[in-house]
Amino acid sequence: MGNTESVVVQKRLARFRPEERPVVEGVFDRLQGGAGGPSGPAGKTAAGKTLTLEMLQSSMGSIAPDSLVGRVYQCLCSIDPGPEASGRTGRLTASGVGRQQLVVFLADTLRGTAEERAPLVMAMSQRAVEAAATVTCQQVVEFLQDLVSAVVQILIHRGRLQGWDPHSMGDSRVGIKLLAEQMCSELRPSDQGDCDISCLQDWIFRVPQVSLYLEMLVDEGLNVSLRGRPSPTLLPPCRETPWKELRSLLDLPTLMFLAPQIPDSNGAPWRLMFSTQLHGESFTRMVSSLTKGGPTLLLIRDTRGHVFGGFASHSWEMKPHFQGDSRCFLFTVFPRLGVYTATGYNEHFMYLNQHQQTMPNGLVQMGSLQQVDDSVFNS
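Residues numbered from 1 in each chain as written. Predicted model: local features only at pLDDT ≥ 70, side-chain atom pairs only at ≥ 80, totals over all residues. Heavy atoms only, no water.

Draft legend 1. Fine view of the packing of aromatic side chains. Enumeration over the complete set of coordinates arrives at 5 aromatic pairs. A ring pair is formed by W164 and W243, whose centres lie 5.9 Å apart and whose planes are at 55 degrees; its orientation type is tilted. Of this pair, W164 sits in the loop between α7 (137-157) and α8 (172-184) while W243 sits in the loop between β3 (238-239) and α11 (252-258); the two residues are 79 residues apart in sequence, bridging distant segments of the chain. Aromatic pair F311 and F329: ring centres 5.4 Å apart, planes at 25 degrees, arrangement stacked. Residue F311 is located in strand β6 (residues 307-312), and its partner F329 is located in strand β7 (residues 329-334); the two are separated by 18 residues in the primary sequence. The class for F329 is buried, based on a relative accessible area of 3%. (Phe/Tyr/Trp six-rings, centres within 6.5 Å; stacked < 30°, edge-to-face > 60°. Helix = DSSP H or I, 4+ residues; strand = E, 2+ residues; numbered from the N terminus. Buried < 20%, exposed > 50% of the residue type's maximum accessible area, 1.4 Å probe, protein only.)

Draft legend 2. Just α7, in detail. If you check α7, its first and last C-alpha atoms are 30 Å apart, about what 21 residues at 1.5 Å a residue would give, namely 30 Å. One or two positions beyond α7, positive phi appears at G159, with a value near 65 degrees. (Expected span 1.5 Å × (residues − 1).)

Draft legend 3. The arrangement of the packing of helix α5 (residues 99-111) against helix α6 (residues 114-126) in detail. Interhelical geometry of α5 versus α6 gives an angle of 120 degrees and a closest axis separation of 9 Å. Taken together, the axes of α5 and α6 are oblique relative to one another. Handedness of the α5/α6 crossing: left-handed. Contacts from F105, D108, T109, L110 and R111 of α5 reach α6 at E116, R117 and L120. (Axes fitted to C-alpha atoms, helices over the stretch in contact; angles between N-to-C directions. Parallel < 35°, antiparallel > 145°, perpendicular 65-115°, else oblique. Left-handed = near helix turned anticlockwise from the far one by under 90°. Contact = heavy atoms within 4.5 Å.)

Draft legend 4. Structural context of the pairing of β7. The pairing of β6 with β7 spans 5 bridges and is classified as antiparallel. Paired with G309 across the two strands is F331, which belongs to β7. Taken together, the 4 bridges between β7 and strand β8 (residues 338-341) define a ladder with antiparallel strand orientation. Bridge assignment links L330 to a residue of β8, and that residue is Y340. Connecting β7 to the next strand, β8, in antiparallel fashion are 3 residues. (Pairing = 2+ DSSP bridges.)

Draft legend 5. Representation of the pairing of strand β10 (residues 362-365) in the model. Neither face of β10 is left uncovered, since the one carrying G362 and V364 and the one carrying L363 and Q365 both have all their residues buried. Inspection of the sheet shows strand β9 (residues 350-353) paired to β10 by 4 bridges, in the antiparallel sense. Residue pairing in the sheet places Y351 in a bridge with V364 of β10.

Draft legend 6. Structural detail: the environment of A268. Take A268: it is sitting in the loop between α11 and β4 (270-271). Judged by relative accessible area, A268 falls into the exposed class, the value being 57%. Expressed as a C-alpha distance, the spacing of A268 and P236, which sit 32 residues apart in the sequence, is 8.1 Å.

As structure tokens, this is what we get:
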């Protein structure tokens, strides 16, 4: 790139290993060449050449919705790589994306801190020519919907489903909306409901999925292949599931949300143990499938369409007392995503009993034995 690069760009490039820098610097020329524009050796593009929205669309369009490509383009245009700006975003330029702007964007998404990523998220959420000092929670939700949608497409089109079949699962469009809302619920906006840069910094620091999804978007959308960066595994392995006979209550975004909540979630493969669709509605049969089967995830849909469940950290066993530990938790899937961990008030984590005369019969998780209704479990 010669000696014309700013101090900001030089510092950004220093974050990459020597063998990675040509890859980062070469992204600009490859994007131009991939869209029919002039290209050459890395750092040798003629002065004044820029990336257009069409060039970006040509690279990212297969995995990202048009709205997200537009967000990324406007964010790139707004980056000021000069020494005075320190990579901050400002007024949108109309002349396209320069090489140094792209380098700052790549460095901040792939190697940046929460402080450096926050202005990028702000710019992609606003989608405005004039950069404002704040962004609304609704704008962040809309940006996240685009981002999560792109991640889902990456999992599907890059063969990272780990044995899951999206055609036999829930509607990902619903899951995308719910996951975006759940992630946005972690924001701590002002009393007026707006988020400034410091609010976004705090949020990005506390919600690692934001940075992870941005990295995936750049890795796959711009084809930035850096050695030593294994592809993240968002889904647990799924084995021995008869997808042709089954319609799962889970969708891909919901699975992306639940999997990290489970201890060692990327370890042992997930296996279907019981389903009313396949095995009927016998409580006895469900118990025989659950007992001594290892940790389990119980998923339920009620008559109102609400979907919820619980994670059991131990194998279920027939016992006259509670079992399990504080790793157990409850969760909701629809109409909202949420996780509810143990409060420490008691140790009522797991309870399972059947065919007893003096003790409550049934299955309880994170609750009280007084809630068990024996008449429900009569099969």
